[in-house]
Amino acid sequence: MTDVKPYLSAADIAARVRALGDRISSDYAGGSIVVVPVLKGSFVFAADLVRAITVPVEIDFLAVRSYEGTESSGVVRLTHDLDRSIEGRDVLLVEDIVDTGLTIDYLLGNLATRRPRSLRVAALLHKPARTKVVVPIDYLGFEIDDVFVVGYGLDDDRGGRRHLPYIGALEPAALDPGARVR
Ligand code: 5GP
């Protein structure tokens, strides 16, 4: 595909996800975790991450919509909620990309009201240059530049590249106005 430049290889991602899994497993040793992937962009990352975790895991999903057009509207809407209570549980929110931080900020506030025992964030990618709200990222895969990335399950509007095993950066010319729509 000509408009996507390789950015992070499948091997680099796999090694990093394994390392995150090891850290998470040792941090939660003796306990169990409710892993909450934020759909849809994090589903491949979450699938690999849970298989790198050795403590017992339950999984529940959240879906949000946070973008209108090319820039964050600042409005985050929950479009699918958890099936089960997280009260008293150790919860790990799994996000694909922390961009402005608005989505995670909203979700941390929302989930905190449900009184989990602990609430942490694992994010595959972080774009520090785009930060609007500083959010805690307990387990981070990679810091990246201000580029729009696709592949490895990440949202791709109608680009059809969600299944790529690696992460690629869109060339500026390939960016379309709907690209940031979740
Ligand atoms: P935030 O609320 O932190 O600005 O937005 C985070 C969400 O925006 C991510 O979960 C992701 O869905 C989307 N997003 C931000 N940057 C990118 C990007 O470079 N590529 C893709 N595919 N989605 C992105």
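What comes next concerns the included structure.

### Observations concerning the sheet that holds strand 10 (residues 167-170)
Working step 1: Read across the open sheet, the 3 strands follow the order 1-10-9; overall the sheet is antiparallel. What marks the edges here is a single partner per strand, and that holds for strand 1 (4-8) and strand 9 (149-150).
Working step 2: In this structure, strand 1 lies alongside strand 10, joined through 4 bridges in antiparallel fashion. Within strand 10, the residue paired with Pro6 across the bridge is Gly168.

### Examining the pairing of strand 6 (residues 90-98)
Working step 1: A large share of strand 6 lies buried, amounting to 9 of its 9 residues.
Working step 2: Judged from the 4 bridges that link them, strand 2 (residues 33-39) and strand 6 form a sheet pairing that is parallel. Bridge pairing in strand 6 links Val36 to Leu93.
Working step 3: Pairing of strand 6 with strand 7 (residues 118-126), which is carried by 8 bridges, proceeds in the parallel orientation. Residue pairing in the sheet places Leu93 in a bridge with Val121 of strand 7.
Working step 4: Once the chain exits strand 6 it traverses helix 3 (residues 102-112) before rejoining the sheet at strand 7, and the crossover so formed is right-handed.

Calculation criteria
Numbering of residues begins from 1 in every chain and follows the order in which that chain's sequence is written. Local features in this predicted model are restricted to residues of pLDDT 70 or higher, and side-chain atom pairs are both shown and tallied only at a pLDDT of 80 or more, whereas totals for entire chains, interfaces and linings draw on every residue. Side-chain numbers come from the whole structure's heavy atoms, not from hydrogens or water. Here, strands pair whenever DSSP counts at least two bridges between them. Runs of H or I in DSSP of at least four residues are treated as helices and runs of E of at least two as strands, each being numbered from the N terminus. Relative accessibility decides the category of a residue: with a 1.4 Å probe and only protein chains considered, values under 20% of the type maximum give buried, values over 50% give exposed, and everything between is partly exposed. The handedness rule is simple: strands pointing away from the viewer, and a clockwise path from the first strand over the helix to the second, make the crossover right-handed.

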